[in-house]
Amino acid sequence: MTDAPAFDRETLTVWLKANGVDHVTHDHPAVFRVEEGLDLKADLPGAHTKNLFLKDHKGRLWLISARQDTVIDLKRAAAAMGSGRLSFGNEQLMFETLGVRPGSVTALGLINDIDRRVTFVLDRRLWDADIVNFHPLTNTATTALDQSAFRRVLALLGREPVVVDFEAMGA
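For the structure given in this document, a descriptive report is provided here. Remember, it's a predicted structure, so these values are computed and weren't measured experimentally.

## So, the overall build of the protein
Helix and strand counts for the protein stand at 7 helices and 8 strands. Here the C-alpha radius of gyration of the protein, 15 Å, is about what a compact globule of 171 residues would show, namely 16 Å. With respect to the three principal axes, the spread of C-alpha positions in the protein is 40 × 40 × 30 Å. Taken over 171 residues, the protein has a buried fraction of 49%. Approximately 8500 Å² of the protein is accessible, and the part contributed by carbon and sulfur atoms is 51%. Placing the 20 positive and 23 negative side-chain charges of the protein at their respective mean positions leaves the two points 6 Å apart.

Shown next, in the form of structure tokens:
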């Protein structure tokens, strides 16, 4: 089995505070699929996310973060992202690169991708949202970041997302 990731929820929280990233984290029962958490999220302001960990036919890894109600056609997404045919990455690879298990996939997992193996793709609607909500490396909580805090996290990690308008793609 792979070594434990450098960051878990506790160390992520310490890192956010140490870097002056304002955030609010809400604890809740474990949520494994977007549909399961709709009632919990109704009380939390901001854009809620779904996150897909993918691998293309050349072995490149991708993380797509989109609004929870976004329909993502993987064939169209692959073309927009400059990728080949996409499939879901396996649990071992997910844990190796992002330090999370299925159900806990999150853009905040990029903190564990020190080798930058994963290309980050962000839904235009999240890039434009006032507040974005992600799991803090576990599916038993949701962390809200305003847009400036989210962009600060990306800057601190040295990550420039590939911004894709999935909504326009579905039209």
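Back to the write-up after that little detour.
## Things to note about the pairing of strand 7 (residues 141-146)
By the criterion of burial, strand 7 is predominantly enclosed, with 5 of the 6 residues buried. In the sheet, strand 1 (residues 24-27) pairs with strand 7 via 4 bridges, with the strands oriented antiparallel. Looking at strand 7, one finds that His26 is bridged to Thr142. With 4 bridges connecting them, strand 6 (residues 131-134) and strand 7 associate as antiparallel partners. Across the sheet, Val132 pairs through a bridge with Leu145, a residue of strand 7. The loop that links strand 6 with its antiparallel partner strand 7 comprises 6 residues; one of these, Leu137, has a positive phi angle of about 75°.

## Looking at the side chain of Arg125
When you line up the elements, Arg125 lands in helix 5 (residues 124-127). Residue class for Arg125 comes out buried when judged on its relative accessible area of 19%. Of the polar contacts made by the side chain of Arg125, one reaches the side chain of Thr70; its length is 2.7 Å. Apart from the residues within four sequence positions on either side, Arg125 is in contact with Arg67, Asp69, Thr70 and Glu167.

## Brief notes about the packing of aromatic side chains
Enumeration according to the criterion identifies 1 aromatic pair in this entry. Over the ring of Phe95 we find Arg101, and its NZ or CZ is 3.7 Å from the ring centre. Across the ring face of Trp127, the terminal group of Arg151 is positioned such that the distance to the ring centre comes to 3.5 Å.

## Remarks on the pattern of salt bridges
This structure, assessed with the given rule, holds 10 salt bridges. When the shortest N-O distance is used, the salt bridge between Arg117 and Glu96 registers 3.1 Å. Residue Arg117 is located in the loop between helix 4 (91-98) and strand 5 (118-123), and its partner Glu96 is located in helix 4; the two are separated by 21 residues in the primary sequence. Its salt-bridge partner being Asp128, residue Arg124 comes within 3.9 Å of it at the nearest N-O pair. With relative accessibility at 34%, the residue Arg124 sits in the partly exposed group.

## Topic: the nonpolar core
Core analysis: the largest hydrophobic core is formed by 33 residues, its most contacted members being Trp15, Phe53, Leu98, Phe120 and Phe150. For this core, the elements supplying multiple residues, two or more each, are helix 1 (9-18), strand 2 (47-56), strand 3 (61-67), helix 4, strand 5, helix 5, strand 6 and helix 6 (147-156). With 4 residues, helix 6 is the single largest residue contributor to this core. Leave out the neighbours within four places in its chain, and Phe53 touches Leu61, Trp62, Ser87, Phe88, Gly89, Asn90, Leu93, Met94, Thr97, Leu98, Val105 and Val118. Judged by nonpolar contacts, the second largest core, of 14 residues, contains Leu52, Ile72, Met81 and Leu86.

## Some points on helix 4
All of the buried residues along helix 4 are Leu93, Met94, Phe95, Thr97 and Leu98. Along its buried surface, helix 4 packs onto strand 2, strand 3 and strand 5. Capping the start of helix 4 is the job of one residue whose side-chain oxygen sits 3.1 Å from the backbone nitrogen of Gln92: Asn90. Looking one or two residues beyond helix 4, the residue adopting positive phi is Gly99, at roughly 70°.

Rules used in this analysis
- Residue positions are given per chain, counting from 1 as you read along its sequence in written order.
- Note on the predicted model: pLDDT of at least 70 is required for a residue's local features to be given, and 80 or more for side-chain atom pairs to be given and counted; whole-chain, interface and lining totals, by contrast, use all residues.
- In computing side-chain values, all of the structure's heavy atoms are included and hydrogens and water are not.
- The numbering of helices and of strands both runs from the N terminus, where a helix is a DSSP run of H or I of at least 4 residues and a strand a run of E of at least 2.
- Based on C-alpha atoms, the radius of gyration is set beside the globule rule, defined as 2.2 Å times the residue count to the power 0.38.
- Burial status follows relative accessibility: with a 1.4 Å probe on protein chains alone, a residue under 20% of its type maximum counts as buried, one over 50% as exposed, and anything between as partly exposed.
- Calculation of accessible area relied on Shrake-Rupley with a 1.4 Å probe; when residues are assessed, cover is drawn exclusively from the protein chains displayed.
- Just so you know, the count uses Lys and Arg for positive and Asp and Glu for negative, and it drops His and the chain ends.
- For this purpose, a charge sits on NZ of Lys, CZ of Arg, CG of Asp or CD of Glu.
- Any two strands between which DSSP finds at least two bridges are classified as paired.
- In protein, a polar contact requires one atom able to donate a hydrogen and another able to accept it; more generally it is a pair of N or O atoms within 3.5 Å, and residues adjacent in sequence count only if both atoms are side-chain atoms.
- The contact criterion used is simple: two residues touch if any of their non-hydrogen atoms lie within 4.5 Å.
- Only centres within 6.5 Å qualify two rings of Phe, Tyr or Trp (six-membered ring in Trp) as a pair; their planes then separate them into stacked at under 30 degrees, edge-to-face at over 60, and tilted for everything else.
- By the criterion adopted, a ring carries a charge over it if an Arg CZ or a Lys NZ lies within 6 Å of its centre and within 35 degrees of its normal.
- Between Lys or Arg on one side and Asp or Glu on the other, a salt bridge is scored when a side-chain nitrogen of the former is within 4 Å of a carboxyl oxygen of the latter.
- By nonpolar core is meant a set of buried Ala, Val, Leu, Ile, Met, Phe, Trp, Tyr and Cys residues that side-chain atoms within 4.5 Å join together.

These figures come from the coordinates and say nothing about function on their own.
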